[in-house]
Amino acid sequence: EKSWNKAIENFNNKNYTEAENILNSIIEKYPTSEFVGKSKEKIAEIYWNRAIEKFDSKNYAEAANILNSIIEKYPTSGFAEKSKEKIAEIYWNIAMEKFNNKDYIETENILNNIIETYPTSNFAEKSKKALQELQIAKMKSKAQDVINAKKRRKSEIMNGSTTMLQVITETIGN
């Protein structure tokens, strides 16, 4: 109990490394103790806090690695399900960054991954809706590309860099 209290004190002071070391020591030294389950849950919470720090600083790769560790090492922990949801959110954020950069192919891949890998997450439903919006954005982008190409072509004709004869020849040739 003394070790547990020391671990909790360190945890509350955000000295996670020391708290984790003490908790692992409890698990190792007293495998039948009532504190083993509590220690494992508290370690999962330490991992969770570290993951959230990484997430908040947009270090998504490290956050995802830590969250995956929770899922693997502490699958019965209350933090395991929360970790799956948070990983889906990480992918969602990355997908939105890709979307804003008009990387529609990667956006679509990530959204489909969310739907397939995390079907019960809140982000699966959001991803389905986003895929519909993505199709509209892709069509608008293609339409804008055509408009821009026509504007460039018109400008080339107007400034004399392309003759009407070249335009007619290219049109007939295609």
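Structure shown above.
The shown structure was predicted, so the numbers you read here are calculated from the model rather than taken from an experiment. Sequence order as written defines residue numbering, which begins from 1 separately in each chain. Two thresholds apply to this predicted model, a pLDDT of at least 70 for residue-level local features and 80 or more for giving and counting side-chain atom pairs, whereas whole-chain, interface and lining totals are computed over all residues. Hydrogens and waters are ignored; side-chain quantities use all the structure's heavy atoms.

Enquirer: I'm lost on the overall build of the protein chain in this one. Help?
Expert: Secondary structure is summarised from DSSP: a helix means a run of H or I of at least four residues, a strand means a run of E of at least two, and numbering begins at the N terminus for each. When helices and strands are tallied, the protein chain shows eight helices and zero strands. Walking the protein chain from its N terminus toward its C terminus, one meets helices and strands in the order α-α-α-α-α-α-α-α. Counting all 174 residues of the protein chain, 34% fall into the buried class. Any two residues whose heavy atoms approach within 4.5 Å at even a single point are treated as in contact. In the protein chain, the share of contacts with a sequence separation of at least 24, taken over all contacts with a separation of at least 6, comes to 45%. Between buried and exposed lies partly exposed: a residue is buried under 20% and exposed over 50% of the maximum accessible area for its type, with that area taken using a 1.4 Å probe on protein chains only.

Enquirer: Any chance you could explain the packing of aromatic side chains here in plain terms?
Expert: Note on aromatic pairs: each is described by the distance of the centres and the angle between the planes. We call Phe, Tyr and Trp rings a pair once their centres come within 6.5 Å, taking the six-membered ring for Trp, and we label the pair stacked below 30 degrees between planes, edge-to-face above 60, and tilted otherwise. Throughout the structure, instances matching the rule amount to eight aromatic pairs. Summarising the aromatic geometry, the rings of Phe-55 and Tyr-60 are spaced 5.6 Å apart at their centres and angled 55° between planes, so their arrangement reads as tilted. Exposure class is identical for Phe-55 and Tyr-60. Each is buried. Placement of a charge over a ring requires the Lys NZ or Arg CZ to be within 6 Å of the ring centre, with the centre-to-atom vector within 35 degrees of the ring normal. Sitting above the plane of the Phe-11 ring, Lys-42 keeps its charged end 4.2 Å from the centroid. We note Lys-86 situated over the ring of Phe-55; from NZ or CZ to the ring centre the distance is 4.2 Å.

Enquirer: When you look at the packing of helix α1 (residues 2-12) against helix α2 (residues 16-29) in this model, what are you seeing that I'm missing?
Expert: Helix-helix packing is described using two parameters, namely the angle between the two axes and the distance between the axes. In the contact formed by α1 and α2, the axes pass within 7 Å of each other and the chain directions differ by 160°. It follows that α1 is roughly antiparallel to α2 by the angle criterion. Two packed elements cross with a definite hand, and for α1 against α2 that hand is left-handed. Seen from α1, the contacting residues are Ser-3, Trp-4, Lys-6, Ala-7, Asn-10 and Phe-11; seen from α2, they are Tyr-16, Glu-18, Ala-19, Ile-22, Leu-23 and Ile-26. Lys, Arg, Asp and Glu make up the charged group, whereas Ala, Val, Leu, Ile, Met, Phe, Trp, Tyr, Cys and Pro make up the nonpolar group; the residues left over, Gly among them, are polar. Residues that form the contact of α1 with α2 fall into these classes: eight nonpolar, two polar and two charged. Angles here are taken between N-to-C directions and fall from 0 to 180 degrees, while the axes themselves are lines fitted to C-alpha atoms, restricted in helices to the stretch in contact. If an angle is under 35 degrees, it is roughly parallel; if it is over 145, roughly antiparallel; if it lies from 65 to 115, roughly perpendicular; otherwise it is oblique. The handedness criterion is simple: a crossing whose near helix is rotated anticlockwise from the far helix by less than a right angle is left-handed, and one whose near helix is rotated clockwise is right-handed.

Enquirer: What is the right way to look at the environment of Ala-80 in this model?
Expert: Relative to the elements of secondary structure, Ala-80 occurs in helix α5 (residues 78-100). Linking Ala-80 and Glu-45, residues 35 residues apart in sequence, is a C-alpha distance of 9.8 Å.

Enquirer: I tried to follow the nonpolar core on my own but got confused; where do I start?
Expert: As a rule of thumb, nonpolar side chains are buried together in soluble globular proteins. Counting 43 residues, the largest nonpolar core has Leu-23, Leu-67, Ile-70, Ile-90 and Leu-111 as the members making the most contacts within it. Elements with a contribution of two residues or more to this core: α1, α2, α3 (35-56), α4 (60-73), α5, α6 (104-117) and α7 (122-158). Looking at this core, the element that brings in the most residues is α3, giving nine residues. Each residue touching Ile-70, except ones within four places of it in the same chain, is listed here: Ala-44, Tyr-47, Trp-48, Pro-75, Phe-79, Ala-80 and Ser-83. Working definition of a nonpolar core: buried Ala, Val, Leu, Ile, Met, Phe, Trp, Tyr and Cys residues. They are joined through side-chain atoms within 4.5 Å.

Enquirer: So what exactly am I meant to see when it comes to the packing of α1 against α3 here?
Expert: Their axes nearest at 12 Å, the elements α1 and α3 cross at an angle of 15°. In terms of their interaxial angle, α1 and α3 are classed as roughly parallel. Crossing handedness for the pair α1 and α3: left-handed. Contacts between α1 and α3 involve Trp-4, Ile-8 and Phe-11 from the first element and Phe-35, Lys-38, Ser-39, Lys-42, Glu-45, Ile-46 and Asn-49 from the second. When the residues that make up the contact of α1 with α3 are grouped by side-chain class, the tally is five nonpolar, two polar and three charged.

Enquirer: It is not clear to me how the environment of Glu-53 should be interpreted in this structure. Could you clarify?
Expert: Secondary-structure assignment places Glu-53 in helix α3. Taking the C-alpha atoms as reference points, Glu-53 and Ala-63, separated by ten residues in sequence, lie 7.9 Å from one another.

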